[in-house]
Every structure is written in C-alpha cells, then in structure tokens.
Amino acid sequence: MLKGKVAVVSGSAQGLGKAFTHILLENGAQVAMLDVNEEMGQELQVQLNQQYGSDRTQFYKADVSSDQQFTDVFQKILSKFGCIDIFCNNAGIADEKNWEKTVSINLSGVVRGTYLALDHMKKQNGGNGGVIINTASLAGLGPLPSAPIYTATKYGVVGFTRALSVASQALDYGVRINALCPSFVRTALIDSFKQEDKTGQFHSLFSITENMMEKFPFIEAEKVAEAFLLLVKDESVNGVALVVKNEATIIFILVLIIITVLRTRLLYRSRRAVTRTRIIIIIIIIIIIFFILTAGPGLAQDKPGTLICTRALPLGAVTGSRCVLGSARAQQQQKAAGGAAAQREHEHGVRGETHLTDILHAHTGAPGARDTDSVIQHTDGDGTGSRWPSTELEAEVTSAAPCLPNQAPPLLTPPTFTVIGQ
Ligand SMILES: NC(=O)c1ccc[n+]([C@@H]2O[C@H](COP(=O)([O-])OP(=O)(O)OC[C@H]3O[C@@H](n4cnc5c(N)ncnc54)[C@H](O)[C@@H]3O)[C@@H](O)[C@H]2O)c1
Ligand SMILES: CCCCC[C@H](O)CC\C=C/C=C/C=C/[C@@H](O)[C@@H](O)CCCC(=O)O
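Structure report, in brief. (Residues numbered from 1 in each chain as written. Chains lettered and ligands numbered in written order. Predicted model: local features only at pLDDT ≥ 70, side-chain atom pairs only at ≥ 80, totals over all residues. Heavy atoms only, no water.)

Counting its regular elements, the protein contains 14 helices and 13 strands. Across the 422 residues that make up the protein, the buried fraction comes to 52%. Sequence separation of at least 24 residues holds for 69% of the intrachain contacts in the protein that already meet a minimum separation of 6. (Helix = DSSP H or I, 4+ residues; strand = E, 2+ residues; numbered from the N terminus. Buried < 20%, exposed > 50% of the residue type's maximum accessible area, 1.4 Å probe, protein only. Contact = heavy atoms within 4.5 Å.)

Here is the structure:
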C-alpha cells in the first residue's frame, strides 16, 4: 500500500501518465498531476475526484521544458502536500521535425524533473528519500529508425537514469532511480507520430515502425502501470531499465495449432479420430486463451540489465520471453558463474557483485553476452556474502555502471523478482 505517500506524475492528463495516476490512487497514494494540457488535466481531475475522493489528486498546469514553470509548480505541490515520495518523469512527445522541442521535453525535461525531485528527496537535504521513475521506451535500448531524435532522447533517459542511480547509491542519497522501457502502447503519441508534420524527412520509413509494431504488439497502458508499480514498491530496485513488451510468439503458436487442426483430416482416416483430435486441440487452445486472459504480470529477465514484464503463464515458454535464468539447469549455471565471479571478486577486491554477463556467458556460451556493463547483485545484508537466490526462480538484477569497489550498496540489497516463464 502507498497510503500516506505523495506522488507526482508529469504528462498525466492522458495515456501512460493517466494509467500511472490510476494505479497510484488505487494503491492509496495522493497524486499531483502535472501536464501542459490544462483542459484534459482538469477534466481528468473531475473524474478522479468522483472515483477516489476530492482530496486525493490535484492537477497543475506546467510545461516540463520550462525551468520556471516546472520549478514554480514543484513548489506549489510541496506547499499543498508537504513532501514528495514518488516522482515520475513521464511527459514526452515524438516530433522529429521540431527536434529541439523533443529533446527539451523528453530529455532535458527528465533531467529537470529529476534534479528538482532529488534535491527535495535526498537525505543530505533533510529529505525522506523516495523513488524517481523515468519513462523511457524500448526505443531507449534499440533504435526506432523512423525516429532518430526520439530514440536519442530515450537512450539519454536510460543512460542518465543508470548513471544517476549509481551516483545516488554511492552518495547515499536514499533515492532510487529507475527507468521504464515499454514498447508500443496505443496512445495519442502514437497517433500523432503517423502525421508527416511530426515524422518529417523520415515519413516514408513509417512502414518500418509498422513492422516493429507487428513484432511488438501493442501493450495495454494498464499493464505498463503494473510494471511501474513494481518499480515504485520494491525498495530494493535501483538502476533498472524495466522492459515491458508483448511479443508475437503466442500468436505464432496459436497459428501453428490452428494449422495442425486443419491438417488433421490429412493425418487421420477415421472420422471419429479426426473429431477427437480436433476436440482435444480446441480444449488446449481454450486453456491457453484462459491463461493468457487470467494470468497476472510477472517479470522475467530478458537481457543484461533489463527485466521483461510478461504474463505469468505456466506455459511461459510461449510468452516469447527470452528468459535466460529460468530453468533449474540455468540456475546451476548461475551458481557456477557465481563461483567464478566470486574468485574474481577475491582477486580484484570487489565484493558482493557478480557480473550478469558471466551468468549469461555460462548459460548461453555466447561471448557476445559479455559486451555489457550490467551486474547482478547478490549481497548479503552485511555486504560480505555471496548468496545466491534461494528460491529457484528468483533473480536479482540491476544495471549499474562499473562496480563500486568494497561498498555494500544500501539500496541494492536483495530484490526478489520472480522470473516467470517456466
Ligand atoms: N505510447 C507509446 O507507445 C510509448 C511507448 C514507450 C514510451 N512512451 C513514453 O511514455 C510517455 C507518455 O507517452 P504517452 O504514450 O502516454 O503519450 P500521450 O501523448 O498520450 O501523453 C503524453 C502527455 O504528456 C503531456 N506533455 C507533452 N508535452 C509536455 C510538456 N512539455 N510538459 C508537460 N506535459 C507534456 C501531453 O499533454 C500528454 O498529456 C512518453 O515519455 C513517451 O515517450 C510511450
Ligand atoms: C512511433 C512513435 C514513437 C513511439 C515510440 C514508443 O516509445 C514505442 C517504442 C516501441 C518500440 C521500439 C522498439 C525498438 C526496438 C528495436 O530497435 C529493438 O532492437 C529493441 C530491442 C531492445 C531489446 O533488446 O529489448
């Protein structure tokens, strides 16, 4: 529960920010909504007042690309709510033609908001600590060719978040900083990006984006909000770029099953056998659909430094999650890799951290898996041990920059993300 906590969400009049606001309110927090779109913001506030009570939200008009407006509104929020515990830099646009505006909202706006929040939250200034969550994008981890500037800003947000999260830990600010990297969500931003006045010289490349949309089918804003909530609530998570995406694999498997159903006539001579096989296959399809519709979200490790939010299917393999740490065999390999890394720690005097790349390397045997700076944490409470997650499917991930020698990171003690997908 987040009762008694105060959250600020920028870009909250619609889309993802609105979904984040809802989930925060559902979990008991008070929310200051901030957006440049006053009309939509006020309208939403009226709805939220009816739904959650009139003292839970307040809308503020501000443009995150303006230092003055952002700072003024920040002070107003503090005057009303007294303190801020959760700060989400979510406002964003996709305008390749007016690229400077895109940079000043998507990247400079995030820096602006983060520094305002950090100054207020950090222990050294008398703050209570807290969490900052920056909405980046999957395009912050891999390119979106029709949107180079948008891509650059999101890479910037991921880089800024990663670096600052380690700085915050090293300087003992008591503030966690994480990034959220969703793939496509059907919002006004996506609609606007279809227009030539936004895509500019890259307009003809929109078909590439459409292909990507097939590869990463739209996710519901509510699903992204559930991943957002995990970053808010889990006090051990710092410096993570949390990927939230759908992959088309389930559909692929369903298509395969349907093709099999259609082909059964060729395989069986007896009509009764055909009917029986079809019934069995239809039951299997219904069971799969049931699980897809009812399963909650889970987190699986996708690649170094990222977690993939997927559905908690018992048929995890079908979710398309490229889960590398899930199987018992993989876990043994983790342990083996942990041993090797412990030896290296001994040699280099670095304690309590094991390079995730070693684990990936052990699991996949792929040398390419080493090309990253991500680490997996396995500190004991006192920072001296090399404890592996005891539950089979637990993984502890962060995407920190170079290890800080001989420091037991206070904010990075064992998180417990369950790796789904077995
Ligand atoms: N929709 C997607 O597919 C997707 C995927 C990944 C990440 N994102 C990111 O999620 C965030 C939210 O996007 P969305 O899809 O919900 O878009 P959206 O257009 O639905 O909402 C964005 C909100 O930000 C507000 N905003 C824009 N410029 C602002 C400014 N200068 N100051 C204050 N508020 C401003 C808008 O008024 C709007 O209410 C963005 O950072 C976006 O890059 C979106
Ligand atoms: C189209 C307008 C802007 C909206 C963009 C949104 O932020 C959504 C971006 C969604 C998907 C982007 C995908 C980019 C993917 C690839 O380049 C791929 O390499 C990324 C792979 C990352 C990973 O390995 O997980």
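This part takes up the site of ligand 1. As a matter of local geometry, ligand 1 sits amid 29 residues, with D35, D63, Y150, V185 and T187 nearest to it. D35 is positioned such that a nitrogen or oxygen atom in its side chain is 2.6 Å from an oxygen atom of ligand 1. A distance of 3.0 Å separates a nitrogen atom of ligand 1 from a polar atom in the backbone of V64. In isolation ligand 1 exposes 820 Å². Once the protein is present, 95% of that is buried. Counting only elements with at least two residues in the shell around ligand 1, the list comes to helix 1 (15-26), helix 6 (148-170) and helix 7 (188-192). Tallied by class, the residues present in the shell around ligand 1 amount to 16 nonpolar, 10 polar and 3 charged. (Near = heavy atom within 4 Å. Polar contact = N/O pair within 3.5 Å; in protein donor to acceptor, adjacent residues only side chain to side chain. Areas by Shrake-Rupley, 256 points an atom, 1.4 Å probe, with all protein chains shown as cover. Nonpolar A, V, L, I, M, F, W, Y, C, P; charged D, E, K, R; others polar.)

Attention now goes to the site of ligand 2. Taken together, 17 residues form the shell around ligand 2, and within it S137, G142, P143, Y150 and F193 come nearest. In the model, an oxygen atom of ligand 2 is placed 2.5 Å from a nitrogen or oxygen of the Y150 side chain. Between ligand 2 and K245 there is a distance of 3.4 Å, counted from an oxygen atom to a side-chain nitrogen or oxygen. Considering ligand 2 on its own, with 650 Å² of exposed area, one finds that the protein chains cover 89% of that surface. Elements that contribute at least two residues to the shell around ligand 2 include exactly helix 7, helix 9 (206-215) and strand 8 (297-303). For the shell around ligand 2, a count of residues per class yields 10 nonpolar, 4 polar and 3 charged.

Time to look at helix 9. One turn of the α-helix equals 3.6 residues, which is why residues spaced by three or four share an orientation. Residues F206, T209 and M213 constitute the buried set of helix 9. For helix 9, the angular spread of buried residues about the axis comes to 50°, placing them on one side. Exposed residues lying more than 90 degrees from the buried face of helix 9 are N211, E214 and K215. Against the buried residues of helix 9 lie helix 7. (Arc of directions from axis to C-beta.)

At a minimum axis distance of 9 Å, the contact between helix 1 and helix 10 (residues 221-233) shows a crossing angle of 55°. Classified by the interaxial angle, the pair formed by helix 1 and helix 10 is oblique. Between helix 1 and helix 10 lies a crossing whose hand is right-handed. On helix 10, the residues that touch L16, A19, F20, I23 and L24 of helix 1 are A221, V224, A225, E226, F228 and L229. (Axes fitted to C-alpha atoms, helices over the stretch in contact; angles between N-to-C directions. Parallel < 35°, antiparallel > 145°, perpendicular 65-115°, else oblique. Left-handed = near helix turned anticlockwise from the far one by under 90°.)

The terminal C-alpha atoms of helix 6, which comprises 23 residues, lie 33 Å apart, in line with the 33 Å expected from a rise of 1.5 Å per residue. In the stretch just after helix 6, D172 is the one whose phi turns positive, near 60°. (Expected span 1.5 Å × (residues − 1).)

For the rest of this paragraph, the subject is the pattern of salt bridges. Within the structure shown, the criterion is met by 5 salt bridges. Between D67 and R112 there is a salt bridge whose closest N-O contact spans 2.9 Å. Highlighted residues: D67 in helix 3 (residues 67-81) and R112 in helix 5 (residues 108-121), separated in sequence by 45 residues. Judged by its relative accessible area of 49%, D67 falls in the partly exposed class. (Salt bridge = Lys/Arg side-chain N within 4 Å of Asp/Glu carboxyl O.)

Now for the packing of aromatic side chains. All chains considered together, the criterion is met by 6 aromatic pairs. Ring centres of F20 and F228 lie 4.3 Å apart, and the angle between their planes is 5°; this geometry places the pair in the stacked category. Here F228 lies in helix 10 and F20 lies in helix 1, a separation of 208 residues in the sequence. The same class applies to F20 as to F228, namely buried. Summarising the aromatic geometry, the rings of Y115 and F160 are spaced 5.7 Å apart at their centres and angled 75° between planes, so their arrangement reads as edge-to-face. Of the two residues, Y115 sits in helix 5 while F160 sits in helix 6, which places them 45 residues apart along the sequence. (Phe/Tyr/Trp six-rings, centres within 6.5 Å; stacked < 30°, edge-to-face > 60°.)

Put plainly, a disulfide is one covalent bond tying together the sulfur atoms of two cysteines. Scanning the model with the defined rule gives 0 disulfides in all. Of the cysteine sulfurs around C83, a residue in no disulfide, the closest is that of C88, at 17 Å. Looking at C181, it has no disulfide partner, and the nearest cysteine sulfur is the one in C88, 12 Å off. (Disulfide = S-S within 2.5 Å.)

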